[in-house]
Structures are given as structure tokens and as C-alpha cells.
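As a plain string of letters, each chain reads:
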Amino acid sequence: MMMEGEIMTVPFFENPVPAGFPSPAEDYMSRRLNIHDYVVQNATATFLVKASGNSMEGAGIFDGDILVVDRSLEADHKSIVIATIEGSFTVKRLLFKNDQPWLQPENPDYEPMEITAEMNFSIWGVVTYVIHKPD
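These numbers come from a predicted model, not from an experiment.

K.L.:
Please clarify how the sheet that holds strand S9 (residues 121-131) should be interpreted in this entry.
P.N.:
Across a sheet, strands are paired by hydrogen bonds formed along the backbone, either parallel or antiparallel in direction. Reading across from one edge, S3-S4-S9-S5-S6-S7-S8 is the order of the seven strands in this open sheet, with antiparallel pairing throughout. In this open sheet, the two strands that pair with only one neighbour each are strand S3 (46-50) and strand S8 (113-114).

K.L.:
I keep staring at the side chain of Thr84 and nothing clicks. Help me out?
P.N.:
Looking at the element boundaries, Thr84 is found in strand S5 (residues 80-85). According to the relative accessible area criterion, Thr84 is buried, its value standing at 10%. Here the side chain of Thr84 touches Ser122 through a polar contact of 2.8 Å, side chain to side chain. Ignoring sequence-local partners within four residues, the contact set of Thr84 consists of Phe89, Asn120, Phe121, Ser122 and Trp124.

K.L.:
Explain the pattern of salt bridges to me, please; I cannot follow it from the model alone.
P.N.:
If the charged atoms of two oppositely charged side chains come close together, the side chains can form a pair. The full count for this structure, using the stated rule, is one salt bridge. Here Glu106 makes a salt bridge to Arg93, at a shortest N to O gap of 2.6 Å. Remark: Arg93 occurs in strand S6 (residues 88-97) and Glu106 occurs in the loop between strand S7 (100-104) and S8; sequence separation between them is 13 residues. Judged by relative accessible area, which is 23%, Glu106 ranks as partly exposed.

The rules behind each value
- Residues numbered from 1 in each chain as written.
- Predicted model: local features only at pLDDT ≥ 70, side-chain atom pairs only at ≥ 80, totals over all residues.
- Heavy atoms only, no water.
- Pairing = 2+ DSSP bridges.
- Helix = DSSP H or I, 4+ residues; strand = E, 2+ residues; numbered from the N terminus.
- Buried < 20%, exposed > 50% of the residue type's maximum accessible area, 1.4 Å probe, protein only.
- Polar contact = N/O pair within 3.5 Å; in protein donor to acceptor, adjacent residues only side chain to side chain.
- Contact = heavy atoms within 4.5 Å.
- Salt bridge = Lys/Arg side-chain N within 4 Å of Asp/Glu carboxyl O.

By themselves, these observations are geometric and do not establish any function.
Quick look at the structure:
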């Protein structure tokens, strides 16, 4: 049983697995990989959140995916961010049009949202990885 705060390592096969033609497989594992070391850049500023809905499917983010979010990174043009608008959380792509921020969904069924000075808006962090369970 894992204790809270304990870091778990998983087996890591260093030879890449081709997505094309098969190649001879190695019969051994080279080392163990701490997944935390791979997906977390700044542990004190990183959190995980579960995505809900389908507005970001074009960016490869699907309902139920786990997002790795880093609050220490500065959100740039085209960053995928976790933001709050009027107290509600959302995940969207941040765009700047004429220096004005917009939140752009990655699904044509949804409309982009211009962020105005009157809105209660903040960026909570930048999405750095998506953990997606294959079908």
C-alpha cells in the first residue's frame, strides 16, 4: 500500500516501440522510471486535473483525461491553459488577437471567447501533459 506523498516508480523499457513495422523486442527492462520526474517540471507548482467535456478534442484532450498543469509557467500565445472566468474553471487555448486575450476551444461546435477587462478572469496554469487512456 502506498502512503500519501510516496513516489512510485514503474518499469521503463528504454528501447522505443515502433509505431510502424515491428522490430525485435528486448527481453529485459533497462531501469525504472519515476513518472513524476518525466511529467513534472516544478513539483511545488504542479497539479493534476480531470478534463470534462469535448471542447478541446481537436487538441487531443478528451472527456476524462488527466491534465498535468504547471502554475509556474507563463502562458504564451497558443498555450493550453486552465483558466477561471467569473469563478468557473475551463481548459482552452490562449490566443492573443491585437494584444487582446481570447480563449479558443479546439472543437468547431464551440465559440471562442474574448476576454475583456470587465471579466473576472485569471489563468491558473499551463497544461504541460495530457494523460489519455486509449480506447
